[in-house]
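# Per-entry structural report
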Amino acid sequence: MRIVLWLIALLGPLLSAAPLSAQPKVNIEQNFADSLTALPKEELAVSGGFYVPAYSSVAMSQGKLRVDFSVTLSVHNASETQALVVKRIAYFDTAGKQVESYLKAPVALKPLATVSIFIPTDDVRGGTGANFLVDWAATGEIAEPVVEALMVGGVANAHYAFISQGRPTRTATRK
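Since this is a predicted model, take the numbers as computed values, not measurements.

## Observations regarding unusual backbone geometry
Unusually for a residue other than glycine, Leu 112 sits at a positive phi of about 65°. Looking at the secondary structure, you find Leu 112 in the loop between β7 (107-109) and β8 (114-119). Taking relative accessible area as the criterion, Leu 112 reaches 55% and is therefore assigned exposed. Positive phi values are uncommon outside glycine, yet Ala 156 reaches one of about 55°.

Right under this line is the structure:
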């Protein structure tokens, strides 16, 4: 009887959860207004991009158990002096299909500022091979941004957290 009650307490929230619908749109412009500045008027002469692996779900216990994770993607402007223009933040699933696009138009991050995207644990649309593409630009030579995903989740009394660093998809170039 104790085991049944323990299982109900543990699995109850999962069993009563409503089916997942699309995550509400993230409004970076509103949520991170203090991190943003006006887009530069000068030509964007330097650009680059990042591929960021993200693990919305991970197989454990010899593939018999799936553990779901929340994902926080952070885009950091590593420059102390220049604005960083973020041109695209897109989320893709295991099959490479775009799940979500998070920018309506480019935004400019203040020096040393950050924007982030949060995907809750119950949003498993990305699956085991989820990933982000982040495209950026600047008016001139700039410190390369830092782009990484933090995954947090757990099962029973075990909790896990790990980071996945973005990898450049192309060399930063001058036009």
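Now that the structure has been shown, the text picks up again.
## Let's talk about the packing of aromatic side chains
Any aromatic ring pair is given by two values, namely how distant the centres are and how the planes are angled relative to each other. All chains considered together, the criterion is met by three aromatic pairs. Ring geometry for Tyr 55 versus Phe 162: centroids 6.0 Å apart, planes at 45°, classification tilted. Of this pair, Tyr 55 sits in the loop between β2 (46-53) and β3 (57-60) while Phe 162 sits in strand β11 (residues 158-165), placing them 107 residues apart in sequence. A residue is classified by how much of its surface remains accessible, and Tyr 55, at 31% relative accessible area, is partly exposed. In this structure Phe 162 comes out as partly exposed when scored by relative accessible area, which is 28%. Pairing Phe 69 with Phe 162 gives two aromatic rings, centres 5.3 Å apart and planes at 75°, and the pair type is edge-to-face. On the criterion of sequence distance, the pair formed by Phe 69 in strand β4 (residues 65-76) and Phe 162 in strand β11 is long-range, its members being 93 residues apart. Accessibility expressed as a relative area gives 2% for Phe 69, which makes it buried. In this structure an aromatic cluster arises from ring pairing among Tyr 55, Phe 69 and Phe 162.

Basis of the calculations
- Throughout, residues of each chain are indexed from 1 in the direction in which the sequence is written.
- Totals for whole chains, interfaces and linings use all residues, but because this is a predicted model, local features are given only for residues with pLDDT of at least 70 and pairs of side-chain atoms are given and counted only at 80 or more.
- Side-chain numbers here rest on the full set of heavy atoms in the structure, without hydrogens or water.
- Counting from the N terminus, the helices are DSSP H or I runs at least four residues long and the strands are E runs at least two residues long.
- A 1.4 Å probe rolled over the protein chains alone gives each residue an accessible area, and that area as a share of the maximum for its type sets the label: buried under 20%, exposed over 50%, partly exposed in between.
- Think of it this way: a Phe, Tyr or Trp ring, Trp meaning its six-membered ring, pairs with another when their centres are within 6.5 Å, and the plane angle makes it stacked under 30 degrees, edge-to-face over 60, tilted otherwise.

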